[in-house]
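Listed here are the chains, written in short residue letters.
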Amino acid sequence: MFFSDREDAMAMFELDSPNETLLTPQHNSYAPRLYDYVLVADKVEDMEDQTFKKQDAFIGELKRKNIKVTRIENAGKVFFGICAPEEMFAKYKYLLKVSDSCNWSAEQKCESSVSYCTRIRIVHFVLHHTYIGPGESLEELLSEGAFESIFCLHEKNEQKTLKKKWASWLSVLKVFKQPVTDVKDYFGEKVALYYLWLGWYTRMLVPAAIIGIIVFLYGLAFFNTSPLIHEVCDSNTIMCPRCDKRCSVWNLSDTCTYAKVSQLFDNEGTVAFAMFMAIWATLFLEVWKRHRSLYVSKWKVFDWCEEEEELILEIVNDPQCKPKEFRHSYLRSIVVLLLVTLVLVVIIGLTHALVIFRVLTTILLSDSNWHFLRDHANTIAMLSGAVLHYITIQVMTRVNKIVAFKLCEFEKTRSFAATEKHFTVKMFTFQFFTLFSSLFYVAFFLGRINGHPGNYVRIAGKWRLEECHPSGCLTDLFIQMAVILVLKQTINNIFEFTVPWLKLCFKRTKAKPMRRKCGNCYRKACKAEDSNTFPCDLCNLRNWLENYDLNDVNAFSLFNEFLEMVLQFSFTTIFVAAFPLAPLLALINNIFEIRLDAIKMVSLERRLVPKKTNDIGVWTGILEAVGVMAVIANGLVIGITSDFIPRLVYRYHYGPCAVGNSTNLDCMTGYINNTLATAFMSNERVKNDFKELITDNGYNVTQCSYKDYRSDEDQSLTSQFWLILALRFAFVILFEHVVVMCKFIAAWFIPDNPLKVKNERLDDKLKRLKKELKEANATYESRSTEV
């Protein structure tokens, strides 16, 4: 059954005087061949049903706003094509022209013609602010099931152009070339700025990746010549057992391979690289602001104001509307703060659960009958813990979204933009703690709170806390980061593309029999792209069904992409001292990520609602906060986690090259033995910890070594420990102050807006003022002549 309902009406704004109109009254007209939105609902036969009544009431409200609604029924579904009158956009253009959000350009008439992209944005606001009763908006009707979904339509010609120039795998070869202006014209400024930011971030990763590779190669160059590696590989030192059950003593030389791996990223170059990345993060943000400024001035949205845009849309929707006033409740803020703190405590509790999991896994593997599992129990436990951490991240991502939404609903924010801002901050905070709490434990607590032979710290008095990897604590952090980063990027990208693609294939395969029934239209007017007549219902339905089959999107679809990339930025900068190849992995991922997201948006998903903006919003503040955390975290990783400070202390104070010593030995000779303490089996407390070492003939060893700066006699901390601890904290403070100073200098030295933009704005403002003065003089002279 096909029929359409087209109504015309008069529309104008009324001013104080009943005879004065803001716009010239004219007959309502509708743009041919354009439907702004399509509403989909299940067909309801019973006219007394509440669902039918709500559908009918909402459509009636749209018609009262002079919106043309075309109804088409097909296969148990009802499609409502929505087309707003041109007068609605004329009002928008006029209000934009007289408002402060009109751009400063004297040549720009504040959108001389409204693009389809702008039409969608205006109609989207009108639809979502149309009520059939108190609080009964379109959002409520969608959640109640009165309507199934709503979507705007892809424009076929523009869609094909974007596919050819941008959204294809062949475009991967054009690494740093994106038609962002075309993207802006099709998806709006918000999406365009995301891809502009992502492209700039990817470009800036190139120098970071190169320096990271150089640091890695620097460690590789001394792979076979480092005295530290030789000392480990040639050692006959007997080390203490790493667990209580079925763990025997082991030889330090067993960790020869791991010691070589540790040398690749725990070397002198790591310090310089960490400083470089902290400054790089600042340079990236400062230069990004300049890059953004060039484009937003080109797009004429430099002076765009979100609040004024919202007021204009409110007036277009309802000339009698009242502004939504700003409100703030300290009580609600305190409650939200407490609830956020509670969520963070739960997330940190999950980190403790992961620690217990690793401890129990180590114990179970140590009891295994497989010799390989027993020998590598700690490493396997660390890897399995990293995999479980990744699974936890995926689960908690969904939980965090629900919690963040509920908190935003409780806050009762003034507008969607405010809701989006609050949601972004909360969601990023939750995700940051979910991803990094385990890494912070590995970096700063693992191996430092587990005690020593004779006085081990135990969970519930039974299970020993896990220790650092024999080659150093930085190895554990490296393994954890590598597993999470590789898994997160690889698996996420695979699912992010294949799931929507498979869904679309399934929908279209299922819809093929229905499409055959639709037949073909042979009207020349429908086929002609420049025709001024409306397409027939058959052609409309075919177009609507093609868009209906695409994967659904929502207001937070772009947020998910931003969150993924900002978390990657956090991984790339915060613990980069432990993983110099992180920028390289991020670069490779982003080259494909740009095209993957583009293909998904253009070909696999319904069209996103275009949104106007001139910045990436609250993400800028989050990136700046991440940059500050990167300085602190990398300073702590180098000063506390790595062996950089102990090596310096040994080289210049305890080693062969110390002051007063003259020797031909390498300055680091004997460093490994210097970091080891000895536990004697004659000590009663040590004897109790190592009962497993007792044989029929007594102890099979009389002593074993462990990594710590303790006295062999009474296991008290040595003066070397306190010296190293003092220098560690001194280094962290010095590192952070120097890098923060460099960050401030870089931020001060690089202005946010290029001179070109500043001069163009100044020149255009001058032209506009001169033009207005000229028009004012002409008006004054004409009035004087009349008098």
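As the structure is a computational prediction, the values presented were derived from the model and not from experiment.

1. As for the nonpolar core
Membership of the largest hydrophobic core comes to 139 residues, with the highest contact counts inside it found for W166, F187, W197, L477 and F575. No other element matches the 15 residues that helix α7 (residues 189–221) contributes to this core. Filtering out sequence-adjacent residues up to four positions away, W166 remains in contact with S171, Q178, P179, V183, F187, Y195, I594, R595, A598 and V602. In terms of nonpolar packing, the next biggest core, distinct from the first, is built from 46 residues, L39, V78, F79 and F125 among them.

2. Let's talk about the confidence of the model for the chain
It should be kept in mind that the predicted coordinates are not to be read in detail where pLDDT is low. Per-residue confidence for the chain gives a mean pLDDT of 81, with 88% of residues at or over 70. Across residues 1–27, confidence stays below pLDDT 50; counting only partners more than four residues off in sequence or on other chains, it has 50 contacts. Between residues 103–111, whose pLDDT stays under 50, and residues either more than four places distant or in other chains, the model counts 31 contacts.

3. Looking at a nonpolar patch on the surface
A cluster of nonpolar residues, V387, I391, V395 and V399, forms a patch on the protein surface that exposes about 290 Å² of accessible area. Following the sequence through the fold, V399 ends up in helix α14 (residues 377–411). By relative accessible area, which is 36% here, V399 ends up partly exposed.

4. Looking at the environment of V249
Inspection of the secondary structure assignment puts V249 in the loop between β6 (238–239) and β7 (250–251). Linking V249 and V701, residues 452 residues apart in sequence, is a C-alpha distance of 8.3 Å.

5. Considerations on the layout of surface pockets
Of the voids in this model, the second largest pocket is the one considered here, and its volume is about 1,300 Å³. Taken together, 50 residues line the second largest pocket, and the ones lying closest to its centre are G447, C468, C473, K707 and D708. Top element by residues in the lining of the second largest pocket is helix α25 (residues 719–749). It accounts for five residues. Its residues assigned to classes, the lining of the second largest pocket shows 28 nonpolar, 13 polar and nine charged.

6. Details of the state of the cysteines
Summed over the entire model, instances satisfying the criterion amount to three disulfides. Disulfide pairing is shown between C233 and C256; the S-S distance is 1.9 Å. Around the S-S axis, the bridge from C233 to C256 shows a dihedral of about 80° and counts as right-handed. In this pair, C233 sits in helix α8 (residues 227–233) while C256 sits in helix α9 (residues 256–265), placing the two residues 23 residues apart along the sequence.

7. Overview of the pattern of salt bridges
Under the defined criterion, the tally for this structure stands at 31 salt bridges. Here D182 ties to K165 by a salt bridge, and the two come within 2.4 Å at their closest N and O atoms. In this pair, D182 is assigned in helix α6 (residues 180–187) and K165 in helix α5 (residues 156–165), connecting sequence segments 17 residues apart. With a relative accessible area of 28%, D182 lands in the partly exposed category. Residue K165 is classed as partly exposed on the basis of its relative accessible area of 36%.

8. Here we look at the packing of helix α12 (residues 330–366) against helix α15 (residues 416–444)
With their axes 9 Å apart at the nearest point, α12 and α15 run at an angle of 30° to one another. By the angle between their directions, the pair α12 and α15 is classed as roughly parallel. Every pair of crossing elements has a handedness; the one defined by α12 and α15 is right-handed. Across the interface between the two elements, V336, V340, V343, L344, I347, I348, T351, L354, V355 and R358 of α12 pack against K426, T429, F430, F433, T434, S437, S438, Y441 and V442 of α15. For the contact of α12 with α15, a count of residues per class yields 12 nonpolar, five polar and two charged.

9. A closer look at the packing of aromatic side chains
The description of two aromatic rings rests on the distance between their centres and on the angle between their planes. Taken as a whole and judged by the stated rule, the model has 42 aromatic pairs. Centre to centre, the rings of W197 and F284 are 6.3 Å apart; their planes meet at 65°, and the pair counts as edge-to-face. Of this pair, W197 sits in helix α7 while F284 is found in helix α10 (residues 268–298), placing the two residues 87 residues apart along the sequence. Relative to F556, the ring of F405 lies with its centre 5.0 Å away and its plane at 85°, an arrangement referred to as edge-to-face. Here F405, found in helix α14, pairs with F556, found in the loop between α18 (537–549) and α19 (557–574); they are 151 residues apart in sequence, far enough to count as distant. With relative accessibility at 31%, the residue F405 sits in the partly exposed group. Of the residues examined, F556 reaches a relative accessible area of 12% and is grouped as buried. For the cation-ring pair, R414 lies above F326, with the distance from its terminal atom to the ring centre recorded as 4.3 Å. Positioned over the ring face of Y186 is R607, at 3.9 Å from the centre of the ring.

Conventions and cut-offs
- Residues numbered from 1 in each chain as written.
- Predicted model: local features only at pLDDT ≥ 70, side-chain atom pairs only at ≥ 80, totals over all residues.
- Heavy atoms only, no water.
- Core = buried A, V, L, I, M, F, W, Y, C linked by side-chain atoms within 4.5 Å.
- Buried < 20%, exposed > 50% of the residue type's maximum accessible area, 1.4 Å probe, protein only.
- Helix = DSSP H or I, 4+ residues; strand = E, 2+ residues; numbered from the N terminus.
- Contact = heavy atoms within 4.5 Å.
- pLDDT = per-residue confidence, 0-100.
- Patch = residues over 30% accessible without salt bridge, like charges linked within 9 Å, V, L, I, M, F, W, Y side chains within 5 Å.
- Areas by Shrake-Rupley, 256 points an atom, 1.4 Å probe, with all protein chains shown as cover.
- Salt bridge = Lys/Arg side-chain N within 4 Å of Asp/Glu carboxyl O.
- 1 Å grid on protein atoms, 1.4 Å probe; cavity = no way out; pocket = protein on both sides within 12 Å on 5 of 7 lines; lining within 4 Å.
- Points joined across faces, edges and corners; volume = space filled by probe spheres on them.
- Nonpolar A, V, L, I, M, F, W, Y, C, P; charged D, E, K, R; others polar.
- Disulfide = S-S within 2.5 Å.
- Axes fitted to C-alpha atoms, helices over the stretch in contact; angles between N-to-C directions.
- Parallel < 35°, antiparallel > 145°, perpendicular 65-115°, else oblique.
- Left-handed = near helix turned anticlockwise from the far one by under 90°.
- Phe/Tyr/Trp six-rings, centres within 6.5 Å; stacked < 30°, edge-to-face > 60°.
- Lys NZ or Arg CZ within 6 Å of the ring centre and 35° of its normal.

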